[in-house]
Number of protein chains: 4
Amino acid sequence: MKEYKLDEIKYLKIHGRTAGSLSPLPLFWTGSGIELNTKGAELWIEVEVDYELYEPWLGVFINSAQVSRQMLLKGRYWLCLYRGMNESTVKNVRIIREVQAMNGDPACSLVVHAVRLEGEFLPIEEKKLKIEFIGDSITSGEGVVGAKEEEDWISMWFSASENYTLLTANALKADYRVISESGWGVLTSWDNNPDYSIPQYYEKVCGVLTGEKNEGLGAQKENDFDAWQPDIVVVNLGTNDNSAFNSPEWRDEAGRSHKQRLNEDGSFNEEDLDAFEAAVENFLIKLRKYNKTAHIVWAYGMLGNALMPAIYRAVDKYRKLSSDKKVSVLQLPDTTEKTVGARSHPGILSHKKAAEELSVYLNKLINTMN
Amino acid sequence: MKEYKLDEIKYLKIHGRTAGSLSPLPLFWTGSGIELNTKGAELWIEVEVDYELYEPWLGVFINSAQVSRQMLLKGRYWLCLYRGMNESTVKNVRIIREVQAMNGDPACSLVVHAVRLEGEFLPIEEKKLKIEFIGDSITSGEGVVGAKEEEDWISMWFSASENYTLLTANALKADYRVISESGWGVLTSWDNNPDYSIPQYYEKVCGVLTGEKNEGLGAQKENDFDAWQPDIVVVNLGTNDNSAFNSPEWRDEAGRSHKQRLNEDGSFNEEDLDAFEAAVENFLIKLRKYNKTAHIVWAYGMLGNALMPAIYRAVDKYRKLSSDKKVSVLQLPDTTEKTVGARSHPGILSHKKAAEELSVYLNKLINTMN
Amino acid sequence: MKEYKLDEIKYLKIHGRTAGSLSPLPLFWTGSGIELNTKGAELWIEVEVDYELYEPWLGVFINSAQVSRQMLLKGRYWLCLYRGMNESTVKNVRIIREVQAMNGDPACSLVVHAVRLEGEFLPIEEKKLKIEFIGDSITSGEGVVGAKEEEDWISMWFSASENYTLLTANALKADYRVISESGWGVLTSWDNNPDYSIPQYYEKVCGVLTGEKNEGLGAQKENDFDAWQPDIVVVNLGTNDNSAFNSPEWRDEAGRSHKQRLNEDGSFNEEDLDAFEAAVENFLIKLRKYNKTAHIVWAYGMLGNALMPAIYRAVDKYRKLSSDKKVSVLQLPDTTEKTVGARSHPGILSHKKAAEELSVYLNKLINTMN
Amino acid sequence: MKEYKLDEIKYLKIHGRTAGSLSPLPLFWTGSGIELNTKGAELWIEVEVDYELYEPWLGVFINSAQVSRQMLLKGRYWLCLYRGMNESTVKNVRIIREVQAMNGDPACSLVVHAVRLEGEFLPIEEKKLKIEFIGDSITSGEGVVGAKEEEDWISMWFSASENYTLLTANALKADYRVISESGWGVLTSWDNNPDYSIPQYYEKVCGVLTGEKNEGLGAQKENDFDAWQPDIVVVNLGTNDNSAFNSPEWRDEAGRSHKQRLNEDGSFNEEDLDAFEAAVENFLIKLRKYNKTAHIVWAYGMLGNALMPAIYRAVDKYRKLSSDKKVSVLQLPDTTEKTVGARSHPGILSHKKAAEELSVYLNKLINTMN
């Protein structure tokens, strides 16, 4: 078998945001990976993995069927993607990072160094549609894997493969990227931390990551938006902003604090709700800045829809001020006892339902509005 | 973490036939593995893997939910089964060999050496029901994994996890074992090889295996039937015996030959059909010898049911001669375009349907006849 | 058998709004009917039916299972609801008007005169929950029955039995009433007719009906809201208001005219959208006036959700002005190629999906907010 | 509208066995009826109905969608099949007798006299495949309609529309006929009555019917087998023969008696089982006599499959003696708690499953064996 550095491979398709470097290629976000069309009996890939707390997991798809999903232990080593196959048939192979970018573990990284193949690389089809998904634990697939009683917050329960993102992309024959972080929101995280909001890191390749190593891999670089302009941006945020109203005040060592408040009767404090709506509106402005022509769809509701009125208000306000018509809101089906997974999060059945509704909606959108 | 040889573990449940040795424990048949109840944050397992042609794959279940499935590369190494979990909760952990015993690769082996845990082992529930499944590629889960267009005969497409055996056992809350070999039958293999019939190897621990190494691991020892008496034996054989009628004559280098013949009008040759029926009858005699009280159910039909009349005749004859009433026949649902998997074999939907029908039938059986 | 006028029946449950009279009892709205618990071998009912254009249809349920659905021809006659049954068991029997109140046919009426029974009437369980559904053709079940290619606007395609209203009520163990009129909206009908809006007829028993006969039956009387206060009001309106934007101007013989306009770019005219929102807001005010404590849920989206932002705005405005917190919005699943029925309307699969989502939502609502 | 006697209608398709007369046309068996393609706004049909105990029910299909199902009261009267439709479109209309031929009620009859139409009759497609179903209560659709708790034996619970017969025929695009009688078997009825076996009445148009009126309608005439030769005959019998083993002895006033016996250990008495098998064999001989080229499929198992071994033996014996290869056996899925209907009979879910398995099997049969 011959060994190829990634930049020596003639036909290589990269999924997910990168800083451009291929030596090595870091897989930052959940759902990121590489795709190859190969002839040859055997295919190997060299990865390098590190972590302190949260290990990455890897999914492998052969001809669009998932064949494996495994924990990646520390070290630099070769993984076999397939072996013993007919040399002369073309195999479409895709590896996919199953676990979200881990803000809480600066050591966590997964990079691809090289590929071994006795055979040929072939061109890979470019999909006609591109979708970017932006979300939280739901979009990270937290709880898709695991028994319902599981409560630990660990990598094992995350899945990018059995996830409404991949299912929706498949239904629409689209390429896709995911930006998502468990517990984070538009304005604050579930526990009122204003530093843990997705919007403020959106411009960076993977701004939620921490530590020097990730910086070295390019996580903090400006993202090259021109290189990949989505046709659709799906924002599935708000669930943690709602939790913030029901969680204690956040306070850091420097004495900063934040709290989204409820009124005594259990309704949202008007002022804090306004702050949330302003955050939605500002995020839309930012999204439009970087995604000039995309349909932006705020798709929300898989774990309750308490903030839906506020989201509608914010989108309304944005539309009026901007005259931007390509922004809309979609309610996703709520998770029920039957469709719940681990950690009280949407299970695979909930993801399937969400993908079904979302696909129908997006399909209409691109067919009627373009 | 503390390291335990398997025989140092107080509570260890072994799935699948073994020769008794725990140092190491070979996982011979598909569906075999070990099960543990553990406290502690982290659990590792030391495996040793070898093969020339067909590598083993491993599935991992935590609290009955599958969390991973991966190819096992050559070597002796540690795998992490979970990490970062709450130390004080009890986790039920089960590893399962995903790939059948590989008769065609004497080098193929998978053994478990040891376990690492900082914590406690706890007792594991004994199931009230025990089922033994005996079959061919269908029972080996060939084609459950992989795209429909796949044609290579490789380990990757086999699955013990998404398989009617495990699904049926779960539905009945049973422990189970599998004896199965792709391409093999009751009288001959699909290509008329009379050496490749399951019955002639049934008494051995894993008689279908070849090579000195496997012999050393105990594969050719007499199985200790007293140690594990099933309540139900499901025999899903006949599919390859039918293929034999439609395949060319088998001939070996020593000049031996065999052919199950069709008449000119496409019907089965009477004499050869008789030989098949005698083989079924003899296998029932043997099964009863080793399984004194089990219900024996010949469950057939997932890939056509052309030999069903012959199976009914053979079972009839056996029942008459033996006065053994605990033997019956069940037709399983045929695989269709909608339910087919890779390599024209039953896909996961076909396995689910089979498990549904089989569970209903077995449930009736144990409730009315015992 | 003994004949009973309705007012002679000791235990009689009436579904749907009435003007109080029982001699005879008119079944005005779709889903209305009577319910009896009876002993006795045989049960008959005397109906009187008339129409010029649109005949009524009747559904019969025995012990909650639908046993028949039939066209009702003109005349006064007896229908047998069951016969040949065990005299001593209690049968729950319910008849249900399958077709909406027919504004377009003043002659259309269906009344119940009497019941024949050799046996006993028994008490009927009062449900703990009451729901009122207000809607248009969707809520009238138009298109639930019939082949997809049907285009005629006739009674035959309407169904109250296979309808999200009945399914939701069953899921929540609720009694329910329906106010619905095909083609009508909150502000105007689908063709911009401002006289065909549900709100302006809401106070009457069945104000949408026309003609002297219906007036004689009490259709134009004030509804007695105190007699039946719902716990939940579901409003499924807006679909025809959206159509109005895409339909030609309405103009009557007196020279009155109306048109909900689109801007040149296809977006809604601001002024006309405001008028729609004001209509929603005013309807909420009216609904609250008559339903003091009910949760009001605007449930919309089974045939597209173009007016959802406007509905959210209107509900928002109402909530702010009124401080009424028991008003919310729910998006129902859109109808797709797979779930569509006759006349491009939601089919039974779409109604089932809607009922599923709506039930989950309402269940949460009554469990968390009461 | 113009009135047509049936023999004046240019294009008329009759479903079900008849004695040839059209003035009037008796609908003897369940599933029988007429089919028309009509232009015109309105269509009526004149029926004449009688009964003492068991009334007939009627189903109506417009363009293959069921629109109604109703009890037919005594008398001669006109039923409207549709009204208010577009005059210029072609409507396919089919009426279907929902209830089996009622052996127990000599008065029970349903005949069609005439049709009223202002418009045109058009040719009706001849299906390429013809299927005859022969069975008992299962094939009569007993229990498809009604709540699970129902126990009365009445017409209301029968359905020809939601039935594996119609579903299978639709799946294969076939015309079909049904010969079925609740409680009857191959050798005896469920209560050991040897006069109530289907085979001895097979040659007559509807030999199970009693009374002079039915005789006058032609029920006891020899059936004209040449006029309608099926491609497939499905025999779903054996369920009541099994019940006979578990029911008390039958004895009539003339002192005749019969009892299918169980041995003390609960197994079938050999001699009586032989009698059953002989009855199966003889029925096959008779079926082949009248159906020269049809595939004959004994499809059994929807309410248990205790007699399956005996059926296989009998079919085997028949095949050997006759050299007839177009006879086979298929096990249908057993009914479970989830799929059961009223009166402990298969519900609609069970019929759907049966139709699915049967369609797949028959489809293979006609594609590979013809």
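Residues numbered from 1 in each chain as written. Chains lettered and ligands numbered in written order. Predicted model: local features only at pLDDT ≥ 70, side-chain atom pairs only at ≥ 80, totals over all residues. Heavy atoms only, no water.

As recorded by an unreviewed UniProt entry, chain A carries the name Endoglucanase and is attributed to Anaerocolumna chitinilytica.

Peer 1: A description of the relation of the copies chain C and chain D should follow, citing residues and the corresponding values.
Peer 2: When chain C is brought onto chain D, the operation consists of a screw motion whose angular component is 180° and whose axial shift is 0.0 Å, with 0.0 Å RMSD remaining. Here the copies are linked by what is in effect a two-fold axis. Mapped onto chain D, 100% of the interface residues of chain C are again interface residues, and the two copies thus contact each other with one and the same surface. (Least-squares fit on C-alpha atoms with pLDDT ≥ 70 in both. Contact = heavy atoms within 4.5 Å.)

Peer 1: So what about the domain arrangement of chain A? Which residues, and what values?
Peer 2: Residues and elements named next belong to chain A. Domains assigned within chain A are domain 1 (2-122) and domain 2 (129-368). Placing a centre on the C-alpha atoms of domain 1 and another on those of domain 2 gives a separation of 26 Å. Listed per partner, the contact involves 33 residues of domain 1 and 37 residues of domain 2. Carbon and sulfur atoms supply 54% of the area buried between domain 1 and domain 2, which totals about 3100 Å² over both sides. Sorting the residues of domain 1 by area buried against domain 2 places Arg 17, Trp 29 and Asn 103 first, and these three jointly supply 27% of that buried surface. Run the count over domain 1 and domain 2 and you get three salt bridges. Across the contact surface, domain 1 and domain 2 share 21 residue pairs in polar contact (both at pLDDT 80 or more). Those elements that provide at least two residues to the side of domain 1 that touches domain 2 are β2 (13-15), β6 (57-62), β7 (65-71), β9 (91-97) and β10 (109-117). With three residues, β9 is the single largest residue contributor to the side of domain 1 that touches domain 2. Tallied by class, residues from the side of domain 1 that touches domain 2 come to 16 nonpolar, nine polar and eight charged. (Domains from an automatic or database assignment. Buried area = accessible area lost by both parts, 1.4 Å probe. Salt bridge = Lys/Arg side-chain N within 4 Å of Asp/Glu carboxyl O. Polar contact = N/O pair within 3.5 Å; in protein donor to acceptor, adjacent residues only side chain to side chain. Helix = DSSP H or I, 4+ residues; strand = E, 2+ residues; numbered from the N terminus. Nonpolar A, V, L, I, M, F, W, Y, C, P; charged D, E, K, R; others polar.)

Peer 1: If you had to explain the relation of the copies chain A and chain B to someone new, which residues and values would you point to?
Peer 2: The operation relating chain A to chain B is a screw motion whose rotation component is 180°, with 0.0 Å of axial translation and a residual RMSD of 0.0 Å. Comparing interface residues between copies, 100% of those in chain A also sit at the interface in chain B, which points to an isologous, same-surface contact.

Peer 1: Just give me the short version of the sheet that holds strand β12 (residues 129-135) of chain D, but keep the residues and values in it.
Peer 2: Picture the strands of a sheet paired through backbone hydrogen bonds; they go either parallel or antiparallel. Residues and elements named next belong to chain D. Strands sit in the order β13-β12-β14-β17-β18 across an open sheet of five strands; the sheet is parallel. Each end of this open sheet is capped by a strand with a single partner; those strands are β13 (174-180) and β18 (327-331). Averaged over all pairs of adjacent strands, the angle between their axes in this sheet comes to 20°, without regard to strand direction. In this sheet, β13 lies alongside β12 in parallel orientation, the contact comprising seven bridges. Residue pairing for β13: Gly 135 is matched across the bridge by Ser 180. In the packing of helix α5 (residues 308-322) onto the sheet, the strands contacted are β17 (295-300) and β18, and the crossing angle to β18 comes to about 170°. (Pairing = 2+ DSSP bridges. Axes fitted to C-alpha atoms, helices over the stretch in contact; angles between N-to-C directions.)

Peer 1: Kindly report on the environment of Ala 147 of chain A, identifying the contributing residues and their values.
Peer 2: When you line up the elements, Ala 147 of chain A lands in the loop between β12 (129-135) and α1 (164-171). On a C-alpha basis, the gap between Ala 147 of chain A and Leu 358 of chain A in space is 26 Å, while along the polypeptide they are 211 residues apart. When neighbours within four sequence positions are excluded, Ala 147 of chain A is seen to be in contact with Ala 342 of chain A together with Asn 63 and Ala 65 of chain B.

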